[in-house]
Amino acid sequence: MKLIIQIPCRNEEKTVGLTLSQLPRKLEGVDVVEWLVIDDGSSDRTVEEAKYAGVDHIVRLNRPRGLAAAFMAGLRASLEAGADIIVNTDADNQYRAGSLPDLIRPVLEKKADMVIGERPIDRTPHFSYIKKKLEKLGSLAVRIVSGADVPDAASGFRAMSRKTAARLNVFSAYTYTLETIIQAGQKGMSVSSVPVKTNPPTRPSRLVKSVPGYIGRSVMTIARIFAVYRPFVFFTALGMALMVPGVVIGLRFLYFFFFTSSSGGHIQSLIFACILIIMGFQSILSAFIADLLSVNRRMLEDLQYKDREKRAG
């Protein structure tokens with residue numbers, strides 16, 4: 001039984017050594033523990049520091065491609081290296097390595113295919129009020145779409161089985177956290193959560209460069225989740241949100257047209273109502289097309305999974 005702990009990195013020369021130094025080389029129920037660093041186009045001494053700390057594998061991306069791409073590159077490399085269990089953690093030493101036994105236990109006991117480390121968000125002083133609320137909102141959206149009861153869906157501290165890793169895909173360039181849980185839930189995998197401990201921050205978050213930017217990206221990520229994984233519901237709801245006001249405004253015009261003498265002054269309302277109704281109808285039509293495309297996507301993902309298993313096997 002081989003466990004590989006992967007760490008996506010970009011310009012982490014000051015923290016990657018500390019993070020690696022905290023990781024175990026032995027864990028109960030595991031024969032081999034190896035470390036893997038994904039260098040996302042770093043321009044500093046991240047790779048050198050990782051080598052000095054004793055990392056076993058290094059995956060180098062020739063240019064910065066983002067956290068999601070680095071995460072997926074790590075999964076592919078871990079599978080090719082023969083990992084039976086893959087753990088992902090952050091390079092800033094946010095998560096305490098002492099929580100690793102609890103994190104991998106459900107996977108070892110075959111009680112879960114993926115396990116998410118639940119941070120004490122409400123008791124984390126360096127998380128702003130807005131960030132705490134957005135973390136909970138994102139987790140709620142993930143629960144609705146995936147059916148997985150995960151209180152901290154944005155946590156990057158997670159363990160997964162080999163089979164689970166081979167079936168994951170990430171389309172977002174921003175982050176992998178929400179999307180991977182949704183895919184696992186939609187593919188019928190078991191996703192669970194365990195409480196984990198965190199360390200004091202070693203640097204400011206790179207995903208939260210500004211509060212407005214974080215809010216915008218979070219809202220767009222949540223909207224994209226529904227559009228990709230619940231396309232029929234998403235586009236139908238959008239269509240109804242446009243069509244219903246259009247019908248109401250149209251009925252208002254008809255009232256003035258038949259029961260008052262001022263119908264000519266409300267022609268703008270009629271035009272606006274027609275625009276809303278047409279847009280709503282087009283959105284509902286898009287729901288059917290998007291639903292058919294989602295079926296095709298699932299078929300392609302199954303083919304990709306089989307290809308990954310052959311390559312890694």
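These numbers were taken from a predicted model, which means no experiment stands behind them.

## Some words on unusual backbone geometry
Part 1 of the reasoning: Phi at asparagine 93 is positive, roughly 60 degrees, even though this residue is not glycine.
Part 2 of the reasoning: Positive phi is not limited to glycine here, since lysine 110 has a value of about 60 degrees.
Part 3 of the reasoning: The exposed category is assigned to lysine 110, whose relative accessible area is 74%.

## Observations concerning the packing of aromatic side chains
Part 1 of the reasoning: Inspection of every chain in the model, using the stated rule, returns five aromatic pairs.
Part 2 of the reasoning: Taking 4.0 Å as the distance between ring centres and 0 degrees as the angle between the ring planes, the aromatic pair formed by phenylalanine 71 and tyrosine 176 counts as stacked. Of this pair, phenylalanine 71 sits in helix α3 (residues 67–80) while tyrosine 176 sits in the loop between α6 (162–166) and α7 (177–186), and the two are 105 residues apart along the sequence. There is no split in this pair, since phenylalanine 71 and tyrosine 176 are both buried.
Part 3 of the reasoning: Where tyrosine 95 meets phenylalanine 157, the ring centres are 5.0 Å apart and the plane angle is 15 degrees; that geometry is what we call stacked. Here tyrosine 95, found in the loop between β4 (85–88) and α4 (100–108), pairs with phenylalanine 157, found in the loop between α5 (129–146) and β6 (158–161); they are 62 residues apart in sequence, far enough to count as distant. Of the two residues, tyrosine 95 and phenylalanine 157, neither departs from the other in class, the shared state being buried.
Part 4 of the reasoning: Positioned above the aromatic ring of tryptophan 35, the side-chain terminus of arginine 25 is 3.7 Å from the ring centre.

## With respect to the sheet that holds β6
Part 1 of the reasoning: Taken together, the seven strands give an open sheet; going across it, the order is β3-β2-β1-β4-β6-β5-β7, and neighbouring strands pair in mixed fashion. The two strands at the open ends of the sheet, each matched to only one other strand, are β3 (57–61) and β7 (191–195). Strand-to-strand twist of the sheet, defined as the mean angle between neighbouring strand axes without regard to direction, takes the value 20 degrees.
Part 2 of the reasoning: Examined bridge by bridge, strand β5 (residues 114–118) and β6 share three bridges and lie antiparallel to one another. Bridge pairing links methionine 114 to methionine 160 in β6.
Part 3 of the reasoning: Of the strands in this sheet, β1 (2–9), β4, β5, β6 and β7 touch α4, which is tilted by about 25 degrees from β6.
Part 4 of the reasoning: Packing of α7 onto the sheet brings it into contact with β5, β6 and β7, and relative to β5 it is tilted by some 140 degrees.

## Description of the environment of threonine 202
Part 1 of the reasoning: Positionally, threonine 202 belongs in the loop between β7 and α8 (211–229).
Part 2 of the reasoning: Sequence separation of threonine 202 and asparagine 93 is 109 residues, and the distance between their C-alpha atoms is 7.3 Å.
Part 3 of the reasoning: Excluding residues within four positions of it along the chain, threonine 202 makes contact with Thr15, Leu18 and Asp92.

Thresholds, definitions, all that
Residues numbered from 1 in each chain as written. Predicted model: local features only at pLDDT ≥ 70, side-chain atom pairs only at ≥ 80, totals over all residues. Heavy atoms only, no water. Buried < 20%, exposed > 50% of the residue type's maximum accessible area, 1.4 Å probe, protein only. Phe/Tyr/Trp six-rings, centres within 6.5 Å; stacked < 30°, edge-to-face > 60°. Helix = DSSP H or I, 4+ residues; strand = E, 2+ residues; numbered from the N terminus. Lys NZ or Arg CZ within 6 Å of the ring centre and 35° of its normal. Pairing = 2+ DSSP bridges. Axes fitted to C-alpha atoms, helices over the stretch in contact; angles between N-to-C directions. Contact = heavy atoms within 4.5 Å.

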